[in-house]
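A closer look at the structure
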Amino acid sequence: KLEKWEGAYADVLSPICVEKGQASHPEPLCMGRTPLMDHEASLKALSAAKEAYAQGSGVWPTLSVSERIEHVERFLHEMQVHRDEVVELLMWEIGKTETDSCKEFDRTCDYISNTIEELKALDRRSSRFELVGGVIAQTRRLPVGVALCMGPYNYPLNETFTTLIPALIMGNTVIFKPAKYGVLLVGPLLEAFQNCFPPGVINIIFGNGRDTIPPLMESGDIDMFAFIGTHQGAAALKQMHPKPNRLKAALGLDAKNPGIVLADADLDLAAQECVAGALSFNGQRCTALKLLHVHESVAEAFAGKVVDEVNKLMPGMPWEPTTKLTPLPEPGKTDYLTALVEDAQAKGARVVNDGGAQVYGTYFHPAVLYPATSDMRACSEEQFGPVIPISVFRNENEVIEQVRESNFGQQLSLFGQNADTMGPLIDVLANQVGRININGQCQRGPDTLPFNGRKDSAEGTLSVSDALRVFSIRTTVATKST
Ligand code: G3H
């Protein structure tokens, strides 16, 4: 369906080689093509979005909540027909396992249904009139305007839709820029978008962000932007807007989530959760555990158990049921991860698992780095890949200090069994991050919980209910009571 574009195209390459029957490819395998839109196409999308919004009096923002819900329900229904195609594309284009690709699709459908239910409840509450302080007040939740939603490659369907759907259902018109990898799955959904939303309500721009995004931002006509990526990227985009203070934002940014293993932790459980947290989708999750701190009294034992857990994970093709580790879609990623490992080795860490850090084409075998120290790049940079640095601490204050000094504050995991020790620690750490996970890995879900962060990790909160608030503004109509 993307082939209708009349301008330039870019090849979409898969990180997987099937001919050789191995998880690497000597020659990139071309899966298809994506339109390369330019400045002009981008501005066309913007004028369509502006026209459909028309300062809040356009066709979409003036529909009733229940009418907009009907459109989104229809879209959900049509989207579900394409489950197999989308799952297949996720496997081939970003190397996500079939199990995780199915989960991504199903979780997105649940997110849409839950959003609809939540909006019905919110609307019931907002439509009430209240007599307060001499006025009869009704507070309405109105759209923000034209929203630009940009998705990440690791959840090209799910995380993008957690902004796109609330933006649409609240009455905003949307410009949607799919992720750089994981772009082809938009193809099977194009018809559903076209069938279910009036013209101009959702406008999709394909191509290089460097060509398509600046004209939108510089126009000053984007009212809200949702972006999942680096904090530097978000700051640069904001600065392109002539009135950055007027730009409402929902940002999911960098993270370096630590796992803290106390002396009395259940080490088997901690190792299982930490490895699952660090290596699910090869560590390509903003919520992945990216640095493990372990108490010196159990450090050797814990590192050994981490290695045992890593050894249980099978590399392979995404569609094989036993596969847990797969090739990486980002070009140059294996070189970057190799550089992190070499830097750590030069500063005294060892790769303690067999085969760790070996590269086969686009596949990088996970590397457990022990003992890691704070001067190593692997301890400060967001690796977003299968590298697990384990550092050793003598007392909890050292870790508290590191968490406080970090530029990031998305989540952390704390492993231990003594409530008397953990309680005060939780209190101290709680104001550094958006979520603390006790004896469990970091994660975004369940999607009804707030998903946010502190410092350079986020702006705004996303969850089913928070997103509806983020993509709207409350306006009160107050009538003087007589
Ligand atoms: O990459 C960031 C995602 O928000 C992570 O979501 O914890 O459900 O994998 P997840």
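Scroll up to find the structure this text is about.
Quick look at the structure, then. None of the values given here were measured: they were computed from a predicted structure.

**What to know about the pattern of salt bridges**
When charged atoms on two side chains of opposite charge get close, those side chains can pair. Tallying each qualifying case throughout the model produces 13 salt bridges. Residue Arg-107 pairs with Asp-447 through a salt bridge whose shortest N-O separation is 2.8 Å. With Arg-107 in helix α4 (residues 98–126) and Asp-447 in the loop between β21 (435–438) and β22 (454–455), this residue pair connects regions lying 340 residues apart in the sequence. Here Asp-447 falls in the buried class, since its relative accessible area comes to 16%. Residues Glu-117 and Lys-120 are paired through a salt bridge, measuring 3.4 Å at the closest nitrogen-oxygen approach. Pair noted here: Glu-117 and Lys-120 are both in helix α4, with a separation of three residues, about one helical turn.

**Some details on the environment of Val-146**
On the secondary structure map, Val-146 appears in strand β5 (residues 146–150). Remark: the alpha-carbon pair of Val-146 and Leu-168, spanning 22 residues in sequence, is separated by 9.8 Å. Apart from the residues lying within four places of it in its own chain, the contact partners of Val-146 are Leu-46, Ala-49, Lys-50, Tyr-53, Thr-173, Ile-175, Asp-221, Ile-222, Asp-223 and Met-224.

**A closer look at the environment of Thr-34**
Structurally, the position occupied by Thr-34 is in strand β2 (residues 29–35). Each C-alpha atom of the pair Thr-34 and Gly-187 lies 9.2 Å from the other, and the pair is 153 residues apart in sequence.

**Remarks on the sheet that holds strand β20 (residues 411–415)**
Taken in spatial order, the seven strands make up an open sheet running β14-β17-β18-β11-β10-β20-β21, and their pairing is mixed. A strand with exactly one partner marks an edge of an open sheet, and here the two such strands are β14 (350–351) and β21. Pairing geometry for strand β17 (residues 367–372) and strand β18 (residues 387–393), over four bridges, is parallel. Looking across to β18, one finds that Ala-372 is bridged to Ser-391. Across the sheet, helix α11 (residues 333–346) touches β14, β17 and β18, and the angle it forms with β17 is around 30°.

**Quick notes on empty space enclosed by the protein**
Inspection of the entire model under this criterion finds three cavities of 30 Å³ or more. Taken as a whole, the largest cavity holds about 110 Å³ of empty space. Surrounding the largest cavity, 16 residues form its lining, Leu-251, Gly-252, Leu-253, Phe-451 and Ala-458 being those nearest its centre. Put simply, the parts of the chain that give the lining of the largest cavity at least two residues each are β9 (248–252) and β23 (458–459). If one sorts the elements of the lining of the largest cavity by residue count, β9 sits on top with three residues. When the residues that make up the lining of the largest cavity are grouped by side-chain class, the tally is eight nonpolar, six polar and two charged. Put simply, the second largest cavity is a space of about 70 Å³.

**Section: a negative patch on the surface**
A cluster of like negative charges, contributed by Asp-84, Glu-85, Glu-88 and Glu-98, occupies part of the molecular surface. Looking at the negative patch element by element, the count peaks at three residues for helix α3 (residues 83–94). Along the chain, the position of Asp-84 falls in helix α3.

**Notes on the sheet that holds strand β7 (residues 202–204)**
Read from one edge of the open sheet, six strands run β7-β6-β5-β8-β9-β23, paired in mixed fashion. At either end of the open sheet lies a strand with only one pairing partner, and these are β7 and β23. Pairing of β5 with strand β8 (residues 224–228), which is carried by four bridges, proceeds in the parallel orientation. Within β8, the position partnered with Cys-149 by the bridge is Ala-226. Along the sheet face, helix α5 (residues 158–169) touches β5, β6 (173–177), β7 and β8 and points at about 165° away from the line of β6.

Rules used in this analysis
Residues numbered from 1 in each chain as written. Predicted model: local features only at pLDDT ≥ 70, side-chain atom pairs only at ≥ 80, totals over all residues. Heavy atoms only, no water. Salt bridge = Lys/Arg side-chain N within 4 Å of Asp/Glu carboxyl O. Helix = DSSP H or I, 4+ residues; strand = E, 2+ residues; numbered from the N terminus. Buried < 20%, exposed > 50% of the residue type's maximum accessible area, 1.4 Å probe, protein only. Contact = heavy atoms within 4.5 Å. Pairing = 2+ DSSP bridges. Axes fitted to C-alpha atoms, helices over the stretch in contact; angles between N-to-C directions. 1 Å grid on protein atoms, 1.4 Å probe; cavity = no way out; pocket = protein on both sides within 12 Å on 5 of 7 lines; lining within 4 Å. Points joined across faces, edges and corners; volume = space filled by probe spheres on them. Nonpolar A, V, L, I, M, F, W, Y, C, P; charged D, E, K, R; others polar. Patch = residues over 30% accessible without salt bridge, like charges linked within 9 Å, V, L, I, M, F, W, Y side chains within 5 Å. Areas by Shrake-Rupley, 256 points an atom, 1.4 Å probe, with all protein chains shown as cover. Lys, Arg positive; Asp, Glu negative; His and termini not counted. Charge placed at Lys NZ, Arg CZ, Asp CG, Glu CD.

Any functional reading would require information that these geometric values do not contain.
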